[in-house]
Amino acid sequence: MAEGRAPRAGADGKKFERRRRAAAAMAEEAPEDGAVRTLPSLRRLSRALPFGRSHGRLTVPALCSQEKADPQKTAFVLRKAWTLYSVTPLYGFRRARLRDYARLLGAFIAAEKQKGLAVEVGVELDIKVALSSLADIRGSELDQAALLVQLSSRSRSSSRNSEDKPVWLGWFCSVFGDELSESVPEHFTCLPLFLSHGAESYTALVGSWFQKTFDCCFRRLAISPLNLSWMVAMWAGCKLDRAASAVELVFSVPRLAQPLDISYAIHPEDAKALWDTVQKTPGEITHEEVDVFMDCLYAHFHRHFKIHLSAAKLVKISTAIASAQCDGIVKVRPLGAGCSNAGQIKQLYLKVSWFFCMISYKELLNPQF
Amino acid sequence: MQRRRSSKTPKQPLSIPNKSQTDLSAWRKGGKIDPEKSVQNNQSADDQKCESQEGSLEQALSYFQKAQDSVAPKKKSVEQEHLDAVESTALEQGLPPEGFEILLKVVLSGTFADTVNTRLLKSLIPASVIPENSVVTAVSWLCVGKCSSNIQLLFLKWLITMFDFIDHKEQLNALYGFFFSFLQDEKLCPYVCHVLYLLTRKENVRPFRIRTLLDLQAKMGMQSHLQALLSLYKLFCPEQVTITLPGRMKTYFKNSEGPWKAAITAVRQRNQGSSPLSQAVFLGTSQPQSRKRKWNAQLVIPASSASTKHLDEDREKSCFYLCSPNESFPVEQLQTFPQLLQNIHRLEFPSQMGSVLTNPLLLHYMNCVKDESIYLRLYYWMGQRLQEECPWCVVDNPYEEEFRSFLETVYKAECFLQEGFSACEEFLYKTLPLWDGICCRSEFLRLVSWIPLSSFSDIKPYLFDPLAQLFFTSSIYFKCSVLESLKELLQNWLIRSVIQMDLEISSVNTTLSGLVNTVAELVHFVGWISTVAMRLENNSTFLLYFILDFYGTVCDIYLKYNLPLLIMPPAGVFYPALLSMDSVNLNQLCYIMYRYRANLVAAKENELSKKKILQFKFSNRTYQEYNQYIIAMVGCLWTSSAFQKDTHPQGLCMDDKLLSKSAVKEVKSSFNIVYHPAMMGYSVKFLQQICPGDTALNFKLIKGKKWDWYLEYLYSRGLRGLKAFIESSISRVSQAARSKAGNADV
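Residues numbered from 1 in each chain as written. Chains lettered and ligands numbered in written order. Predicted model: local features only at pLDDT ≥ 70, side-chain atom pairs only at ≥ 80, totals over all residues. Heavy atoms only, no water.

Novice: Break down empty space enclosed by the protein for me, with residues and values.
Specialist: Under the defined criterion, the tally for this structure stands at nine cavities of 30 Å³ or more. Taken as a whole, the largest cavity holds about 110 Å³ of empty space. Every residue lining the largest cavity is counted, twelve residues in all, and those nearest its centre are L364 of chain A together with G383, Q384, Q387 and E426 of chain B. Counting only elements with at least two residues in the lining of the largest cavity, the list comes to helix 18 (372–389) and helix 20 (422–431) of chain B. Per-element tally for the lining of the largest cavity: the top contributor is helix 18 of chain B, with five residues. (1 Å grid on protein atoms, 1.4 Å probe; cavity = no way out; pocket = protein on both sides within 12 Å on 5 of 7 lines; lining within 4 Å. Points joined across faces, edges and corners; volume = space filled by probe spheres on them. Helix = DSSP H or I, 4+ residues; strand = E, 2+ residues; numbered from the N terminus.)

What follows is the structure, given as structure tokens:
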């Protein structure tokens, strides 16, 4: 029997400590000894996440908009439809190497495009790749700065001045991912949300390269009807000092031979007025409030059309701030001329990307099936 | 010889080792999976159909081999028949590696007419790989120049298309000069250029070759294929190729995929049907083109490839092609032991950790490395893949087969590492409540067996509660699979606990008691579901077999795994087994009771001798329970006092008056080893042997000496459990007289 044997910390001994507590709910029982691997503390995280039936409170973080933001740098976010992906932490990513990465990625794209032919790394290629950091897009100091990937096709006319034509854009970001960023160990970089705009073939190329190079994993981020209703509630209540576009909800009726979509448009001021009566504490949203808000909308619709919208599936929402579809495509609205101050824009995209980052965290670590 | 083997392989049953403790032999030099094995795997799926085809292919191959040597005129019809055989096999399954040498030889030696050669060449579609030496032989025949120029051309096209399927290219590269000489042939030149383009390495670039190319270009004008080769030369040796080449070309080579591409895709897809993953990984071609799926929405285990990250380290030297060798050494490139010794300090995992799953060498290395990040990388990757592809969590996911194969791969890797993956554990907990119990059943349940040992109450709501729900509502086969998995789980926990106890440092007390509790809870859980299942399934023999199999592990925990734990099976299992209609189960029960006895005796001895300070003592209840069972058993099987001596509250003690109402004669002896329904067959056979003429079957004859003979007879029929039980638990007063009092002694 082995009782009373002297401590031994051989290689074999360590092996059995490798096993981590995996289940989210089991992670609470902290491992007894220090040898246990440092997985992100799932339990802590899942508790912090707002969008589940079980934990339904969401406090919109105060955004530090004091610092000077350059509206030019981040304006690219607006007016485009972005396809969302969640990304596992990048392994071995170094920010100092962005230029090298761009070169390698460019060569990779060229090689993939002309299969079978040799490609020289570093020469001028048809597709120009640029990688850059976007320090503006992050929630707090703990977040990694966002990473922008730009593909542009080199103009054939060899004149130096002619602008390269952008063909594809993608960016990684982390907004208020404090808990996750904190718990990710060394050598890993946590940028859980990836947004792409442009042909999917390029997304596939860039994504494949990142997956190969940094051993990460991309996954399309679907937005559940529940999360969509959170978004309506959250954004319906935003103050806007201009004539905003209507709040629109699109429902799809399941199990019909012919697809039937119901579009439900509400005047933004009405939506805001309704939300204001529902919300108890400004700056904080609870699950009950969202439910009440949606129920009111449903009841109103039923009164007029005798249709229970709650039985249909919410597939798309659009508000003055942004629109989102259940298949993970979002668009941040362009703002009117009166609203173009940099701080406000920053507020806006940060809020939007924060929300999706949250969904992505949840996908990564505690997916809701 | 080789063909022989191939014809036999599909007939062999595909043996899957129980524990999948893959050994290194699977990983042969070069880190490749044995091509033949993979073919064999693929084929065994539709054995029946293949077998006949295989046979005709073999005949055809031997025909073509012989035909080449013989000068006798060939019969057209026979030739046609064999040609058809080759064609149909090739188009359906692809050809096995050993077929290429024969057929290429036939084609390029000009034995047959061009029409035949063309057809043969068109059907040279690999099932897995093309051996390099077959291509080398083919090239030597090409140089002999016995075949027509059309065939030469077609062969070159074939070579270009199949280039990636050739298993090695070293020797082929050595033939660079021969290929180069074909450049002079105007018709072949474009295709030779393409072959050379694929073959060229830096050392192949020589001044005289550059000169030849430039001469050719001067002669033939600007040809895109020549430019392609020149540009490649320039890429390798910019200082030697001084001419300026026009900028990028859209296409250097004409599409020379020829007639094969569609067939390759079809064959690959069909072969992937049986094992999508291994094939994809093996061929190194991750994405079958035909599928219309969103990017990345496909379950592919990445092929292991060296990390490219260090490429940029030495950017000062502007040397991007070659990684400087003193930085790291990719494990998958290891080929020899000396290589390992030289590089042991700078081995490196592939860029995508997921690729370790299919590579035993990498799994070995993983076992030795303490680096935490490799587990984390695997955790992230696997977690995403499992979530993304799980057919019962993702709506409209039609790729169940693929997922099944993935789970299988994961399970095998777990067996190899003797350790569960945490991503997998998480996946089980999350998806079990949603599982229908049908989709990927065996694969999913097998993963359960590698759930790591942790507090029972923690996993209960995630694992055991949903599992019990499914268990009670599913078919008997499902129940048996669950019991099988839980037995594996128990064994894995026990093995783990043995090692843990050996290594565990501090807090032995808490750990050991926690361990014992968890294992005990598992055994109790299985006891509970078994009892219910026996009732639900009407005491099914089949189910009982699996239950007793589980207890076959439980009864030996103390002696085999050194864990102070003995739990008797519940009455709901014990009595149905004792009264079972089936001798296999009765025999197993006897064996189990014998092992319980051995364990209890050993525990008692340890306790008495006080050699060790025991922290745990089996409670008296265990002994008591054992004694109750043994009394009931001996009463039934041996002393013919069934229904009398049983003291178990749920036992079969019955009032004599009640029994007499049943109007069964000889009630008391009706469950002894002669009359027991499970033993009846033996006693009848025995009687027939000792009194061959007697048809009346007088069972009462079996007593005294004949009783002993009968026992010997039973033992000789393989009832070892019964033998062990009788010899250990029943003290016989004398060999001659049947003992009146069986004695349960502990």
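Novice: Just give me the short version of the state of the cysteines, but keep the residues and values in it.
Specialist: Throughout this description, disulfide means a covalent bond between two cysteine sulfur atoms. One pass over the full model with this rule turns up zero disulfides over all chains. Here C216 of chain A is not cross-linked by a disulfide; its sulfur's nearest cysteine counterpart is in C217 of chain A, at 7.3 Å. Lacking any disulfide linkage, C636 of chain B is separated from the closest cysteine sulfur, that of C653 of chain B, by 11 Å. (Disulfide = S-S within 2.5 Å.)

Novice: Could you give an account of the packing of helix 27 (residues 571–578) of chain B against helix 29 (residues 620–637) of chain B, with specific residues and numbers?
Specialist: Residue and element names in this part refer to chain B. Between helix 27 and helix 29, the shortest axis-to-axis distance is 11 Å and the interhelical angle comes to 15°. What the angle tells us is that helix 27 and helix 29 run roughly parallel. When the axes of helix 27 and helix 29 are compared, the crossing they make is right-handed. Seen from helix 27, the contacting residues are A571, F574, Y575 and L578; seen from helix 29, they are Y629, A632, M633, C636 and L637. Looking at side-chain class alone, the contact of helix 27 with helix 29 contains nine nonpolar, no polar and no charged residues. (Axes fitted to C-alpha atoms, helices over the stretch in contact; angles between N-to-C directions. Parallel < 35°, antiparallel > 145°, perpendicular 65-115°, else oblique. Left-handed = near helix turned anticlockwise from the far one by under 90°. Contact = heavy atoms within 4.5 Å. Nonpolar A, V, L, I, M, F, W, Y, C, P; charged D, E, K, R; others polar.)

Novice: Explain the packing of aromatic side chains to me, using residue names and the numbers behind them.
Specialist: Each aromatic ring pair is summarised here by two numbers: the centre-to-centre distance and the angle between the ring planes. Evaluated as defined, the whole model comprises 55 aromatic pairs over all chains. With a centroid separation of 5.5 Å and an interplanar angle of 80°, the aromatic rings of F64 of chain B and F112 of chain B are classed as edge-to-face. With a gap of 48 residues between them, F64 of chain B in helix 3 (residues 47–69) and F112 of chain B in the loop between helix 5 (99–108) and helix 6 (114–122) connect regions that are remote in the sequence. Among the aromatic residues, ring-to-ring pairing joins Y85, F93, Y101, W168, F172, F194, W209, F210, F214 and F218 of chain A into one connected group. Across the ring face of Y623 of chain B, the terminal group of K604 of chain B is positioned such that the distance to the ring centre comes to 4.3 Å. (Phe/Tyr/Trp six-rings, centres within 6.5 Å; stacked < 30°, edge-to-face > 60°. Lys NZ or Arg CZ within 6 Å of the ring centre and 35° of its normal.)

Novice: How would you explain the packing of helix 20 of chain B against helix 21 (residues 441–448) of chain B if you had to name every residue and give the values?
Specialist: Residue and element names in this part refer to chain B. With their axes 10 Å apart at the nearest point, helix 20 and helix 21 run at an angle of 120° to one another. With respect to the hand of their crossing, helix 20 and helix 21 are arranged in left-handed fashion. Side by side, helix 20 and helix 21 meet where C424, F427, L428 and T431 of the first sit next to F444, L447 and V448 of the second. Looking at the contact of helix 20 with helix 21, its residues break down into six nonpolar, one polar and no charged.

Novice: Let's hear about helix 28 (residues 583–609) of chain B: which residues, and what values?
Specialist: Because the α-helix completes a turn every 3.6 residues, residues three or four places apart line up on one side. Between its first and last C-alpha atoms helix 28 of chain B spans 39 Å; for 27 residues at 1.5 Å apiece the expected length is 39 Å, and the two agree. Two or three places before V584 of chain B, at the opening of helix 28 of chain B, D582 of chain B has a side-chain oxygen 3.0 Å from that residue's backbone nitrogen. (Expected span 1.5 Å × (residues − 1). Polar contact = N/O pair within 3.5 Å; in protein donor to acceptor, adjacent residues only side chain to side chain.)

Novice: Summarise the nonpolar core; cite the residues concerned and give the values.
Specialist: Residue and element names in this part refer to chain B. Counting 158 residues, the largest nonpolar core has M366, L486 and M593 as its most contacted members. Sort the elements by how many residues they give to this core and helix 24 (residues 508–536) lands first, with twelve residues. Apart from the residues lying within four places of it in its own chain, the contact partners of M593 are M568, F574, Y626, Y629, I630, M633 and F725. Within the second largest apolar cluster, 77 residues are counted, among which are L104, V106, V135 and L230. (Core = buried A, V, L, I, M, F, W, Y, C linked by side-chain atoms within 4.5 Å. Buried < 20%, exposed > 50% of the residue type's maximum accessible area, 1.4 Å probe, protein only.)

Novice: Explain the pattern of salt bridges to me, using residue names and the numbers behind them.
Specialist: By the definition in use, this model includes 16 salt bridges over all chains. Taking the shortest distance from any N to any O, the salt bridge between R219 of chain A and E388 of chain B comes out at 2.8 Å. Of this pair, R219 of chain A sits in strand 9 (residues 218–220) while E388 of chain B is found in helix 18, placing the two residues in two different chains. For the residue pair R219 of chain A and E388 of chain B, the accessibility class agrees, reading buried in each case. The residue D84 of chain B makes a salt bridge to R119 of chain B at a minimum N-O spacing of 2.9 Å. Taken together, the residues span a long stretch of sequence, with D84 of chain B in helix 4 (residues 76–92) and R119 of chain B in helix 6 at a distance of 35 residues. Sharing partners across several salt bridges, the network here consists of E400, E401, R404 and E443 of chain B. (Salt bridge = Lys/Arg side-chain N within 4 Å of Asp/Glu carboxyl O.)

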